[in-house]
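# Results of the structural survey
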Amino acid sequence: MNRGYMGKILMVDLSRGEISEEVIPDNVYENYLSGLGLGAYILFNRIPAGADPLGPDNILGFLTGLLTGTGSFFSGRWMVAGKSPLTGCWGDANCGGNLSPAIKRCGYDGIFFKGISEKPVYLYVDSGRAELRDASSLWGKDAVETEETLLLEGGKGARVACIGQAGENRSLIAGICNDKGRLAARSGLGAVMGSKRLKALVVNGKRRIQPFNRHEIKRLSQSCNRWVQFQPPLFSGPALSRVGTLMRLLPTQMAQDGLLYKFFLKKWGTVSMNQVSIEIGDSPIKNWKGTNEDFGPGRSLTVNPDAITGREFVKYHCYGCPLGCGGKCSLPGQKGGETHKPEYETVLALGGLCMNEDADSIFHMNEMLNRAGMDTISAGGTVAFALECYEKGILTKDDTGGLELTWGNAPAILALVEKMIRREGIGDVLADGTKVAARRIGKGSEAFAMHVGGQEPAMHDGRNDPGFNVHYAVEATPGRHTIGAQLYYEMFQLWKEVKGIPRAKPLYSKDRKYLADHEKAVMAAACSKYMNVANGAGLCMFGLLMGVTRTPLFAWLNAATGWRKTPGQYLDIGARIQTLKQAFNIKHGVDPRSIRVSDRMLGKPALPAGANKGRTTDLEKVRGNYWDQFGWDPETGVPDPEALERLGIKT
Ligand code: SF4
């Protein structure tokens, strides 16, 4: 096989203890690529309609990208997919690190699990063996302890994906860990793993991954690397907040070039945006009811990029990444303690969203949540919900076990997170995210539960960039923030390679962003299609933000497979994958119109002050136009039979 992909998957039936290999025909890869495209193809066809996400019929797939291991840069993402217990919809999550090539070198593009094991197990796979092993002694251990134990058992070169206590406890906001505390966090798929009593996957493959034209891939990667290594000297971290303030005050906006973001990412990582995002209104404050004025540069200074990286003692790269935005930091007040550098999402979800300016507490919660395998975005969103319930008197000290849940009370917030991980008292009420918590608490608390179809949104406010609200609502995984937005469309620069899609205006009035016109739907659809291709290839979105001519996704794919597809044909594949995921949701009884974005997130009512003053998103209009772009019914979001037939999808 010299097409970049391995052409096989492994299927594990945990109820029967059976493991089997399956050959996947070439035409599946040509139609769906690998990664999440292949995952969508397998799960759509094999999970029965209405399956309980935590029952034996749900299938959990661990997937690698088509480009992983071929020499293409940024291609080290591994992906996990299944029916989400958090939303009842298509669920997926992804993470970097070193797991993805290790899965592929076992000879598989994906490893799938169905059924439920009688006792805790883990799967060990290498280049010639696959066996289920007893994991009873690991049950109860956190993700880092589990991985350390399994790395010793797995031998040199082994890689591990596993759950911590959150997954074991079937917390609906649990993710799956790799590389000692990194998390494929979203969609609650850690709970699916817990429900199957599958503690871990250990892979130690040595097979060769063979692309069609390795020399061409190398040439393309070298060209990409020149952009990555181009790095001017940058000003200080705190000064970035003033850049944000300036951007907020200007009435016009420049189309943003992702190369600028790359400069920041390479120097500081995602935390480079902490203060800028607050200033421009991108990062929600005080459970989405506050503004940048409530958490101004004086308060957010504690999490300025220099303050965070001041604790970094080593930087790291994911597999196949020339950029390296990751790092390890020392844990404050704990001799020898360390944690992954907290990401932007984590810092702001546990920071500004909860009015918490205590950076030490954020580092500690980061480590606690990573070890437990609980999504920091959802955890932060749920804590903010609880703080507002406390403010309104819906929760009292009696309910919280004595915790004074006032805004910004760092010790209480930290104690609450601990309770959520342990499912203890109020923590048990909150451990499944805001939607379920509001149902349990009642008393009108639903109004303060910020979620989209059950999933807490990321720290990107659609009142600043309405594209986020659009994608939160239209993606098959509700609340997804890593697909599209006005900002991403500008950075992807797809119009340079794909015919017929609009070029971003170099300079435009900010008011244009809020027009729910047809062009926005075309842009949003292009982002969805493109990211489906990227998730089939296994590419990191941060690489793609440099722009399609600098990070040559389409050319890499052709070089890896020997295909001669045009960029437009690749976007057609992206449209097929998007349609299949939409069909997955419909098969499972989800009405696309029922996926609601919380009113407050849409600016209903509009904020009276701050960066997003007076802004609302006209979601309905853009959503209908977006559905139309895929040949789905613009009123209902249901794919037309002709559209399905054209794409070769059988329902
Ligand atoms: S840019 Fe960061 S997250 Fe993406 S592959 Fe590189 S190190 Fe990993």
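This text follows the structure it describes.
Let's shift gears to the overall build of the protein chain. When you go through the protein chain residue by residue, the secondary structure sums to 27 helices and 17 strands. For 651 residues, the compact-globule estimate of 2.2 N^0.38 gives 26 Å, and the C-alpha radius of gyration of the protein chain, at 23 Å, lies within 12% of that figure. Expressed along its principal axes, the backbone C-alpha trace of the protein chain runs to roughly 60 × 55 × 50 Å. Taking all 651 residues of the protein chain together, the buried fraction comes to 65%. Total accessible area computed for the protein chain in this model is approximately 22,200 Å², and 50% of it derives from carbon and sulfur atoms. Once the 79 positive and 67 negative side-chain charges of the protein chain are each reduced to a mean point, those two points are 5 Å apart.

In the vicinity of the ligand, the contacting residues are Arg77, Cys318, Cys321, Gly324, Cys325, Cys540 and Phe542. Of the residues in the shell around the ligand, the class split is five nonpolar, one polar and one charged.

Mapped onto the elements of the fold, Gly467 is located in helix α19 (residues 466-474). Residue Gly467 is classed as buried on the basis of its relative accessible area of 15%. Separated by 54 residues in sequence, Gly467 and Ala521 have C-alpha atoms that sit 9.1 Å apart. Residues contacting Gly467, with those up to four places away along its chain left out, are Gly484, Ala485 and Gln486.

Summarising the sheet, strand β1 (residues 8-13) and strand β2 (residues 18-23) pair through six bridges and their orientation is antiparallel. Following the sheet pairing, Asp13 is matched in β2 by Glu18. Where β1 hands over to β2, the hairpin turn is made up of four residues, of which Gly17 adopts a positive phi near 70°.

Buried residues dominate helix α9 (residues 258-268), accounting for nine of its 11 residues. Every buried residue belonging to α9 is among Gly258, Leu259, Tyr261, Lys262, Phe263, Phe264, Leu265, Lys266 and Trp268, and all of these are buried. On its buried face, α9 is in contact with α7 (214-229), α8 (239-249), α12 (305-309), β14 (312-316), α20 (486-492) and α22 (541-544). The N-cap of α9, judged by a side-chain oxygen 2.9 Å from the amide nitrogen of Leu259 a few residues on, is Asp257. Phi turns positive, to about 90°, at Gly269, one or two residues after α9.

Cut-off values and rules
Counting restarts for each chain: residues are numbered from 1 in the order of the written sequence. Two thresholds apply to this predicted model, a pLDDT of at least 70 for residue-level local features and 80 or more for giving and counting side-chain atom pairs, whereas whole-chain, interface and lining totals are computed over all residues. Note that the side-chain values use all heavy atoms of the structure and ignore hydrogens as well as water. Helix and strand assignments come from DSSP, with helices taken as H or I runs of at least 4 residues and strands as E runs of at least 2, each series counted from the N terminus. Just to be clear, the radius of gyration here is over C-alpha atoms, and the globule rule we use is 2.2 Å times residues to the power 0.38. When a residue's accessible area, from a 1.4 Å probe over protein chains only, is under 20% of the maximum for its type it is buried; when over 50% it is exposed; and in between it is partly exposed. In short, Shrake-Rupley with a 1.4 Å probe defines the accessible areas, and a residue's cover is counted only from the protein chains shown. Working convention for charge: Lys and Arg count positive, Asp and Glu count negative, and His plus the chain ends are omitted. One atom stands in for each charge, and that atom is NZ of Lys, CZ of Arg, CG of Asp or CD of Glu. A molecule or strand has a residue near it when one of that residue's heavy atoms lies within 4 Å. Three classes are used, and their members are as follows: Ala, Val, Leu, Ile, Met, Phe, Trp, Tyr, Cys and Pro are nonpolar, Asp, Glu, Lys and Arg are charged, and the others, Gly among them, are polar. Throughout, a residue-residue contact means that at least one pair of heavy atoms, one from each residue, lies within 4.5 Å. We treat two strands as partners when DSSP finds at least two bridges between them. As used in this structure description, the phrase polar contact means that two N or O atoms lie within 3.5 Å; if the pair is within protein, one of them must be able to donate a hydrogen and the other to accept it, and residues adjacent in sequence are counted only when both atoms belong to side chains.

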